[in-house]
Amino acid sequence: GAGVSQTPSNKVTEKGKYVELRCDPISGHTALYWYRQSLGQGPEFLIYFQGTGAADDSGLPNDRFFAVRPEGSVSTLKIQRTERGDSAVYLCASSLAGWNEQFFGPGTRLTVL
Amino acid sequence: AQSVTQLDSQVPVFEEAPVELRCNYSSSVSVYLFWYVQYPNQGLQLLLKYLSGSTLVKGINGFEAEFNKSQTSFHLRKPSVHISDTAEYFCAINFGNEKLTFGTGTRLTIIP
């Protein structure tokens, strides 16, 4: 079956611009996660959805970051007024249950010039 | 405080030699433990997991790990490595709050 997909695979933008990153989870997975991986680091948690609602958004670095999952499937991570420090690989994962294995997508590499 | 530590940032190993990648954690609650592998320019793939039961768990590609609660460790081992094992390995822990906390990763380099 299809795994987690993320689009675009690469995104280059200029400082101050708005970007949207999309995640399509595995069908039937109710839990969806966003992580951010900076160069040479492990992934860092951003936000977790259970169904349509954000159950834990404690990892979002500031109010420029926002994510939605309106129908409990596809999710969009939105970043306003991008900064160079936002450059990283943004990973999406989905799971049947929060405590079990998370399946990761290939990531979106965001570069802010 | 809850944390995950991978002490070795890089581990070079000769082909067909054994390898151990270390992972330690700090927690006051029960944990679920995972090892993920990231091949160059690819996404994260699960190698193995410990949720409960036997503390020795076997995963894909000949890897295994042992959960040691008293030493708060979950080291990854393979008896004989291959060139194809060259990758970044991440220990990840669920501290009972559904999100994963990752270590900083260990880059495994296989020397022919």
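Residues numbered from 1 in each chain as written. Chains lettered and ligands numbered in written order. Predicted model: local features only at pLDDT ≥ 70, side-chain atom pairs only at ≥ 80, totals over all residues. Heavy atoms only, no water.

Undergrad: What am I meant to see in the overall build of chain B here?
TA: Secondary structure summary: chain B contains 0 helices and 12 strands in total. Going from N to C terminus, chain B has its helices and strands arranged as β-β-β-β-β-β-β-β-β-β-β-β. The C-alpha atoms of chain B give a radius of gyration of 13 Å, which matches the 13 Å a tight globule of 112 residues would have. Across the 112 residues that make up chain B, the buried fraction comes to 46%. Sequence separation of at least 24 residues holds for 55% of the intrachain contacts in chain B that already meet a minimum separation of 6. Placing the 8 positive and 9 negative side-chain charges of chain B at their respective mean positions leaves the two points 7 Å apart. (Helix = DSSP H or I, 4+ residues; strand = E, 2+ residues; numbered from the N terminus. Rg over C-alpha atoms; globule rule 2.2 N^0.38 Å. Buried < 20%, exposed > 50% of the residue type's maximum accessible area, 1.4 Å probe, protein only. Contact = heavy atoms within 4.5 Å. Lys, Arg positive; Asp, Glu negative; His and termini not counted. Charge placed at Lys NZ, Arg CZ, Asp CG, Glu CD.)

Undergrad: Explain the packing of aromatic side chains here, please?
TA: Centre distance and the angle of the planes are the two values used to describe a pair of aromatic rings. Residues and elements named next belong to chain B. For the structure on display, the rule yields 13 aromatic pairs over all chains. The interplanar angle of 50 degrees and the centroid separation of 6.0 Å between the aromatic rings of Tyr-36 and Phe-102 together place this pair among those described as tilted. Pair noted here: Tyr-36 is in strand 5 (residues 32-38) and Phe-102 is in strand 11 (residues 100-102), with a separation of 66 residues, a long-range link. Classification of Phe-102 by relative accessible area gives buried; the value is 10%. (Phe/Tyr/Trp six-rings, centres within 6.5 Å; stacked < 30°, edge-to-face > 60°.)

Undergrad: Honestly, the environment of Phe-63 of chain B in this entry has me stumped. Any pointers?
TA: Residue and element names in this part refer to chain B. By secondary structure assignment, the location of Phe-63 is in the loop between strand 7 (56-58) and strand 8 (64-68). For Phe-63, a relative accessible area of 1% corresponds to the buried category. Sequence separation between Phe-63 and Leu-47 is 16 residues, and the spatial gap between their C-alpha atoms is 7.3 Å. Among residues more than four places away in sequence, those in contact with Phe-63 are Leu-47, Leu-48, Lys-58, Leu-76, Arg-77, Lys-78, Asp-85 and Tyr-89.

Undergrad: Would you explain the interface of chain B and chain A in this entry?
TA: In this assembly, 17 residues from chain B lie in contact with 20 residues from chain A. Taken over both partners, the interface formed by chain B and chain A buries close to 1,500 Å², and the fraction arising from carbon and sulfur atoms is 56%. The largest contributions to the chain B side of the interface with chain A come from Leu-44, Glu-98 and Lys-99 of chain B, which together make up 33% of the buried area. Residue Asp-56 of chain A is joined to Lys-99 of chain B by a salt bridge in which the shortest nitrogen-to-oxygen separation is 3.7 Å. Where chain B packs against chain A, one counts 6 residue pairs in polar contact (both at pLDDT 80 or more). (Buried area = accessible area lost by both parts, 1.4 Å probe. Salt bridge = Lys/Arg side-chain N within 4 Å of Asp/Glu carboxyl O. Polar contact = N/O pair within 3.5 Å; in protein donor to acceptor, adjacent residues only side chain to side chain.)

Undergrad: Just checking my understanding: could you explain the state of the cysteines for this structure?
TA: All names here are of chain A. Counting across every chain of the model gives 2 disulfides over all chains. Across a sulfur-sulfur distance of 1.8 Å, Cys-23 and Cys-92 are joined as a disulfide pair. Taking the torsion about the sulfur-sulfur bond, which here is approximately -65 degrees, the covalent link between Cys-23 and Cys-92 counts as left-handed. Taken as a pair, Cys-23 in strand 3 (residues 19-24) and Cys-92 in strand 9 (residues 88-95) lie far apart in primary sequence, 69 residues in all. A relative accessible area of 0% means that Cys-23 is categorised as buried. The class of Cys-92 is buried, set by a relative accessible area of 0%. (Disulfide = S-S within 2.5 Å.)

Undergrad: How should I be thinking about the environment of Lys-58 of chain B in this particular structure?
TA: Residue and element names in this part refer to chain B. Residue position: Lys-58 is located in strand 7. Residue classification places Lys-58 among the exposed positions, given a relative accessible area of 64%. In the structure, Lys-58 is positioned 18 residues away from Leu-76 in sequence and 9.8 Å away in space, judged by C-alpha atoms. Other than its neighbours up to four places away in sequence, Lys-58 contacts Leu-48, Phe-63 and Glu-64. For Lys-58, the side chain forms a polar contact with the side chain of Glu-64, separated by 2.8 Å.

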